[in-house]
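# What the coordinates show
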Amino acid sequence: MITAPFEYRRAGSVDEAVSLLGELGEDAKLIAGGHSLLPLMKLRLAAPSTLIDIGGIGGLDTIEASGGGFRIGALTRHVTLQNSPELGVIQPVAEGIADQQVRNRGTIGGSIAHGDPASDLPTAMLALEATFNVTGPSGERQIAAGEFFQDYLTTALEPQEFLTSIDIPSVDFGWGYEKFTRRAEDWAMVGVVALVKDSDVRVAFTNMGSTALRASAVEEALSGGTVDADSIAAASEKAADGTEPPGDLNATPEYKAHLARVLTKRALTTAVS
Ligand code: FAD
């Protein structure tokens, strides 16, 4: 499959990229690793008039300790996260994305900005209550992960905004991660991130709706009580409550709901152990 014709520009800085987005209008798109945007273009589901390559902008691929957590540059590749065990649950989540070739190119910023409910990192960002640092024509702003993912491939980013970094307040949790795939290295049919620290219990899903989402019914069922085998088993039965998973080639909504219940129980059991 061949993309529609497009112009190619390279930005040397965040400011230059934002300025080019303003100058070229909404038909221009940033490209980082290209592993979500290029497939869409090859399928002719996207046809940007210009690609603005941000891959050469320096200083955006670092992981720094910050305020008890970490600041991760938006151009940090999945392979770097995969090789960073200090990042807690982010490490296995990154390691589970696709195959090594994809992980060598794809970036955390691209995964978040793309807003695909089947992606793995947005789920971890929701559970970790990350904050996204964004630069646009009127300056910088912060967007909480809980307000960022709005609908299928739709986020709170404005067309001229650039996601520069991600702040993770803390990774100091017991964690469990479950990703159920039809084939090895495939997209998740359903994914679950569970985090537990004392009475702070968080659960988030991949592919259980039109965005990554928190498993509110499970979190409410476990809030304020003892987190043990019995309470986990009871709470996990509520995993699909309030969700509307889309049916697809691999699974019906009912099967995804079943997976959510089973995987939530497994992920929480691992997190408390
Ligand atoms: P790009 O494709 O370059 O960009 C994606 C979108 O984000 C574009 O709209 C672009 O304009 C925008 N964007 C990029 N960077 C920024 C920024 N800094 N600020 C604002 N907007 C920005 N992902 C998973 O999570 N799990 C999987 O199992 C999985 N399997 C895959 C299998 C294959 C075969 C392929 C090709 C991809 C797969 N992916 C999977 C997607 C992969 O992880 C992508 O690399 C990632 O989702 C997007 O990152 P990118 O850097 O490639 O983004």
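Residues numbered from 1 in each chain as written. Predicted model: local features only at pLDDT ≥ 70, side-chain atom pairs only at ≥ 80, totals over all residues. Heavy atoms only, no water.

Time to look at the side chain of Thr3. On the secondary structure map, Thr3 appears in the segment before β1 (7-10). Residues in contact with Thr3, not counting those within four places in the same chain, are Met41, Lys42 and Arg44. (Helix = DSSP H or I, 4+ residues; strand = E, 2+ residues; numbered from the N terminus. Contact = heavy atoms within 4.5 Å.)

The next subject is helix α10 (residues 229-236). Looking only at α10, the buried set comprises Ser231, Ile232, Ala235 and Ser236. Projected down its long axis, α10 carries its buried residues within an arc of 125°, all on one side. Facing away from the buried surface of α10 by more than 90 degrees, the exposed residues are Ala229 and Asp230. Of the surrounding secondary structure, the elements contacted by the buried residues of α10 are α9 (216-222) and α11 (253-272). (Buried < 20%, exposed > 50% of the residue type's maximum accessible area, 1.4 Å probe, protein only. Arc of directions from axis to C-beta.)

Taken as a whole and assessed by the stated rule, the structure comprises three aromatic pairs. Judged by centre distance (4.8 Å) and plane angle (80°), the ring pair of Phe132 and Phe148 falls under edge-to-face. You can see Phe132 sitting in strand β6 (residues 131-136) and its partner Phe148 sitting in helix α8 (residues 145-148), a full 16 residues away along the chain. There is no split in this pair, since Phe132 and Phe148 are both buried. (Phe/Tyr/Trp six-rings, centres within 6.5 Å; stacked < 30°, edge-to-face > 60°.)

For the protein chain, the assigned domains read domain 1 (7-53), domain 2 (63-168) and domain 3 (174-272). The centre of domain 1, based on its C-alpha atoms, is set 34 Å off from the matching centre of domain 3. (Domains from an automatic or database assignment.)

Okay, the site of the ligand next. Taken together, the neighbourhood of the ligand is formed by 30 residues, with Leu30, His35, Leu37, Thr107 and Asp120 sitting nearest. With respect to the ligand, the backbone of Ala32 contributes an N or O atom lying 2.8 Å from an oxygen atom. In the environment of the ligand, an oxygen atom lies 2.6 Å from a nitrogen or oxygen atom belonging to the side chain of Thr107. Across the complex, the protein chains shield 90% of the 970 Å² of accessible surface that the ligand would expose by itself. Secondary structure elements with two or more residues in the shell around the ligand: β2 (28-31), α6 (108-114) and β10 (162-168). Per-element tally for the shell around the ligand: the top contributor is α6, with four residues. Among the residues forming the shell around the ligand, the class breakdown is 14 nonpolar, eleven polar and five charged. (Near = heavy atom within 4 Å. Polar contact = N/O pair within 3.5 Å; in protein donor to acceptor, adjacent residues only side chain to side chain. Areas by Shrake-Rupley, 256 points an atom, 1.4 Å probe, with all protein chains shown as cover. Nonpolar A, V, L, I, M, F, W, Y, C, P; charged D, E, K, R; others polar.)

As a further point, take the environment of Lys29. Residue placement: Lys29 occurs in strand β2. With relative accessibility at 41%, the residue Lys29 sits in the partly exposed group. Once the C-alpha coordinates of Lys29 and Leu51 are considered, the two residues, 22 residues apart in sequence, prove to be 5.1 Å apart. Other than its neighbours up to four places away in sequence, Lys29 contacts Leu37, Pro48, Thr50, Leu51 and Ile52.

Now for the pattern of salt bridges. Taken as a whole, this structure holds eleven salt bridges when the rule is applied. Between Arg141 and Glu161 there is a salt bridge, with the nearest N and O atoms lying 2.7 Å from each other. Highlighted residues: Arg141 in strand β7 (residues 139-144) and Glu161 in the loop between β9 (154-155) and β10, separated in sequence by 20 residues. A relative accessible area of 11% places Glu161 in the buried class. Because the salt bridges share partners, they merge into one network encompassing Glu129, Asp200, Arg202, Arg214 and Glu219. (Salt bridge = Lys/Arg side-chain N within 4 Å of Asp/Glu carboxyl O.)

Attention shifts here to the pairing of strand β5 (residues 69-73). The element β5 is extensively covered by neighbouring structure, given that four of its five residues are classed as buried. Across four bridges, strand β4 (residues 63-66) lies against β5 in antiparallel orientation. When the sheet's bridge partners are listed, Ser66 is paired in β5 with Gly69. Taking the residues between adjacent antiparallel strands as the criterion, β4 and β5 are bridged by two residues, where Gly67 takes a positive phi near 55°. Of the strand pairs in this sheet, β5 and β10 are connected by four bridges, and their pairing is antiparallel. (Pairing = 2+ DSSP bridges.)

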